[in-house]
Amino acid sequence: GGVTGRGHGKIQKGWLMDVTPDAVPVIAPVDDVPGFFISTGYSGHGFGIAPAAGQLMAELVCGDRPCVDPFPFRLTRFSDGSKINIDPALAPKPPNRTSAPSAR
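Trainee: Just checking my understanding: could you explain the overall build of the protein for this structure?
Mentor: Helices and strands together make up the secondary structure of the protein, namely one helix and four strands. Relative to all contacts within the protein whose residues are 6 or more apart in sequence, the contacts with residues 24 or more apart total 47%. Counting only carbon and sulfur atoms, one obtains 61% of the accessible surface of the protein, whose full area is about 8,300 Å².

Trainee: For this particular structure, what's the right way to read a nonpolar patch on the surface?
Mentor: On the surface, V19, I86 and L90 cluster together into a nonpolar patch covering about 220 Å² of accessible area. Judged by relative accessible area, which is 37%, L90 ranks as partly exposed.

Trainee: Even after reading the chapter, I still don't get helix α1 (residues 46-62), so can you show me in this structure?
Mentor: Of all the bends in α1, the greatest measures close to 40 degrees and is centred on A52. Along α1, the residues that are buried comprise A53, L56, M57, E59 and L60. Those residues of α1 hidden inside the fold are in contact with β3 (26-29) and β4 (37-40).

Trainee: What am I meant to see in the packing of aromatic side chains here?
Mentor: The description of an aromatic ring pair uses the distance of the two centres, along with the angle that the planes make with each other. The final tally for this structure, using the stated rule, is zero aromatic pairs. When the ring centre of F71 is taken as reference, the NZ or CZ atom of R74 above it lies at 3.7 Å.

Trainee: Could you clarify how one ought to interpret the pattern of salt bridges in this entry?
Mentor: Pairing of side chains with opposite charge becomes possible as their charged atoms draw close. Taken as a whole and judged by the stated rule, the model has two salt bridges. A salt bridge links R77 to D22, with the nearest nitrogen and oxygen atoms 2.8 Å apart. Separated by 55 residues along the polypeptide, R77 in the segment after α1 and D22 in the loop between β2 (10-11) and β3 bring together distant segments of the chain. Comparing R77 with D22, the two get one shared label, buried. Measuring nitrogen to oxygen at the nearest pair gives 3.2 Å for the salt bridge that ties R74 to D80. Given the relative accessible area of 13%, R74 is considered buried.

Scoring rules and cut-offs
Residues numbered from 1 in each chain as written. Predicted model: local features only at pLDDT ≥ 70, side-chain atom pairs only at ≥ 80, totals over all residues. Heavy atoms only, no water. Helix = DSSP H or I, 4+ residues; strand = E, 2+ residues; numbered from the N terminus. Contact = heavy atoms within 4.5 Å. Areas by Shrake-Rupley, 256 points an atom, 1.4 Å probe, with all protein chains shown as cover. Patch = residues over 30% accessible without salt bridge, like charges linked within 9 Å, V, L, I, M, F, W, Y side chains within 5 Å. Salt bridge = Lys/Arg side-chain N within 4 Å of Asp/Glu carboxyl O. Buried < 20%, exposed > 50% of the residue type's maximum accessible area, 1.4 Å probe, protein only. Bend = angle between axes of the 7 residues up to and from the residue. Phe/Tyr/Trp six-rings, centres within 6.5 Å; stacked < 30°, edge-to-face > 60°. Lys NZ or Arg CZ within 6 Å of the ring centre and 35° of its normal.

Take a look at the structure:
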């Protein structure tokens, strides 16, 4: 529920979760903006994989050899024609087709 605040409307609690369609984070440089790197899309799991994600990002930024293959985490996978497997938990749900019995 919301909290009523001085007659100015209702204040709702809420949050957004950053998630990619395939539920794989993006940890990569942005090719169109040299020197700009992005690390996002952890779907609430960032706290658990932060040490490795931070290490990978630091290595990419510094030009060091990455601790893991960064290919699966590239931003361009969404625009280079790669097959994106939509995470079933993120797929749109079909509408509920059950209907109440009609009163005749």
